[in-house]
Amino acid sequence: MTELEKDDLLADLDAEDWARVREGVEQAGSWLRFGQAGEQLKTEVAGRLLRLASHPKWEVRKAVAHAVLFLRHELFHAVIARIVEDENTWVREAARKTLRRRDGLARADSHSDNRGEEVLSLLSAVETRYGARAHRATLNIADRLNHRFVREAYHEIVRIISPVDASLLNLERQLAALRVPDETLAHVRRARERVVLVTDFLDNLRAFTTHTPAEFTVETLHPIVTEAVDLALSHMEGPAVGVQVRQTVSRALKIDANRSRLLQALINIVVNAVESCVHLGRQAMLTISAAAEGETHVRITIGDNGCGMSEEALRDCVLLYSSGKPGGMGFGLPLAKKIIEIDHHGTLSIDSHMGAGTVVTLVLPVDQAICEEQAS
């Protein structure tokens, strides 16, 4: 996208003629869909779509409802909140359809970077022909079949691996008693480490692919964040001990959450942040804050002064199996994204610069019941 095209798009969104504005919104939606908008333009477009969600012409508001489907920005919820209960029936239905399709898109994206469009198109075809209930039923059936396959595969593989692990442990003890060379023991220990790695991989895969409906309770956010930091740091070794954590989370913040899943997401994000800070020759620093985002959402930011990511790494970091860390399995951030965006109907966005660190921003709804009503 050239600078001239960007300027033309922003000019269309700011125009006084409503027809021109609508065309600009449709163009913005197309660019968001096909990834032609960089982060800076995406932020500018998101701000304008938020303003246009209150445009006096319903045709513009309806165009906004369609355009935000592919808006990967923290303002998505603010935009959709303005139009999901719009006075115009067409706008209201378009906004609710976007929420339903967004859920399907999030699930497709969580599994693949190249099949999301195909899956979304199939779901859209089902909804067009059979209605929204068929769309949701298709998703539920696919999730159940996927969960059943992973569960059965998990048990079969673990059934084979567990005796192998037990045999290696016994072999290690017997060799140690015979005082064999350390090199021989090291080979056995490495074999056990590989077994543990496979088991961890299976556990993460099962957690990632499972989509049982989350059960929510009203939770105070401060203790969840504190526990996530403590658990993340307790699993780290060596340099992580010296990481400084600055936490600013109001003790008054409460949200509907599935505590264990939200805790897992936060742990994964904090672990990634800490690992990016160590071995850099400077004081590692994590900054964690949480505050109310209007009356309906809460914003959580987790920032670090670590190595940061390239543009390519930033695009890939939330894709399943993609990891830039030695020995990494590529589950941490994808699982966190699934928990935040699918389980909790929120958004997860990442801003990172090489050598300057990374900031992960989570926007979570306060009331999950409202999210379910809006999507129905």
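Procedures and definitions
Within any chain, residue numbers begin from 1 and follow the written order of that chain's sequence. Side-chain atom pairs in this predicted model are given and counted only at pLDDT of 80 or more, local residue features only at pLDDT of at least 70, and totals for whole chains, interfaces and linings cover all residues. With hydrogens and water set aside, each side-chain value is computed from the structure's full complement of heavy atoms. Angular values range over 0 to 180 degrees, each being the angle between N-to-C directions of two axes fitted as lines to C-alpha atoms, with helices fitted over their stretch in contact. Secondary structure follows DSSP: runs of H or I at least 4 residues long count as helices, runs of E at least 2 residues long count as strands, and numbering of each begins at the N terminus. Just so you know how the angles are binned, under 35 degrees is roughly parallel, over 145 roughly antiparallel, 65 to 115 roughly perpendicular, and the rest oblique. Note on convention: near helix rotated counterclockwise from far helix by under a right angle means a left-handed crossing. Clockwise means right-handed. In this description, contact between two residues means that some pair of their heavy atoms is separated by no more than 4.5 Å. Each residue gets one label: Ala, Val, Leu, Ile, Met, Phe, Trp, Tyr, Cys and Pro are nonpolar, Asp, Glu, Lys and Arg are charged, and the others, such as Gly, are polar. The classification of residues rests on relative accessible area computed with a 1.4 Å probe and restricted to protein chains. Under 20% of the type maximum is buried, over 50% is exposed, and intermediate values are partly exposed. Strand pairing is assigned whenever DSSP detects at least two bridges linking the two strands. The definition of a nonpolar core used throughout is a set of buried Ala, Val, Leu, Ile, Met, Phe, Trp, Tyr and Cys residues joined through side-chain atoms within 4.5 Å.

**Q** Just give me the short version of the packing of helix 3 (residues 39-52) against helix 5 (residues 76-83), but keep the residues and values in it.
**A** Contact geometry for helix 3 and helix 5: axes closest at 9 Å, N-to-C directions at 15°. Relative to helix 5, the element helix 3 lies roughly parallel. Pair helix 3 / helix 5 crosses with left-handed handedness. Facing helix 3, whose interface residues are A46, L49, L50 and R51, helix 5 presents A78, V79 and R82. Partitioned by chemical class, the residues of the contact of helix 3 with helix 5 number five nonpolar, no polar and two charged.

**Q** Could you give an account of helix 4 (residues 58-67), naming the residues involved and the relevant values?
**A** With seven of its 10 residues buried, helix 4 lies for the most part within the structure. Taken together, the buried positions of helix 4 are E59, V60, R61, A63, V64, A65 and A67.

**Q** With reference to specific residues and values, describe the sheet that holds strand 4 (residues 285-293).
**A** A sheet is described by the order of its strands in space; here five strands give the open sequence 2-4-5-7-6, paired in mixed fashion. The sheet is open, and its two edges are formed by strand 2 (244-249) and strand 6 (347-353), each paired on a single side. For this sheet the average axis-to-axis angle between neighbouring strands, irrespective of direction, equals 10°. By the bridge criterion, eight bridges tie strand 4 to strand 5 (residues 297-304) in an arrangement that is antiparallel. Along strand 5, the bridge assignment pairs E293 with H297.

**Q** Which residues make up the nonpolar core, and what are the values?
**A** Counting 42 residues, the largest nonpolar core has L221 and L262 as the members making the most contacts within it. Those elements that place two or more of their residues in this core are helix 10 (221-234), strand 3 (254-257), helix 11 (259-277), strand 4, strand 5, helix 13 (332-343), strand 6 and strand 7 (357-365). Counting residues per element, this core draws most heavily on helix 11, which supplies 11 residues. Excluding residues within four positions of it along the chain, L262 makes contact with L221, I224, I255, A257, I339, I340, H344 and L364. Counting 35 residues, the second-largest nonpolar core is a separate cluster that includes L32, L75, F76 and V84.

Functional significance is not addressed by these values, which are geometric in nature.
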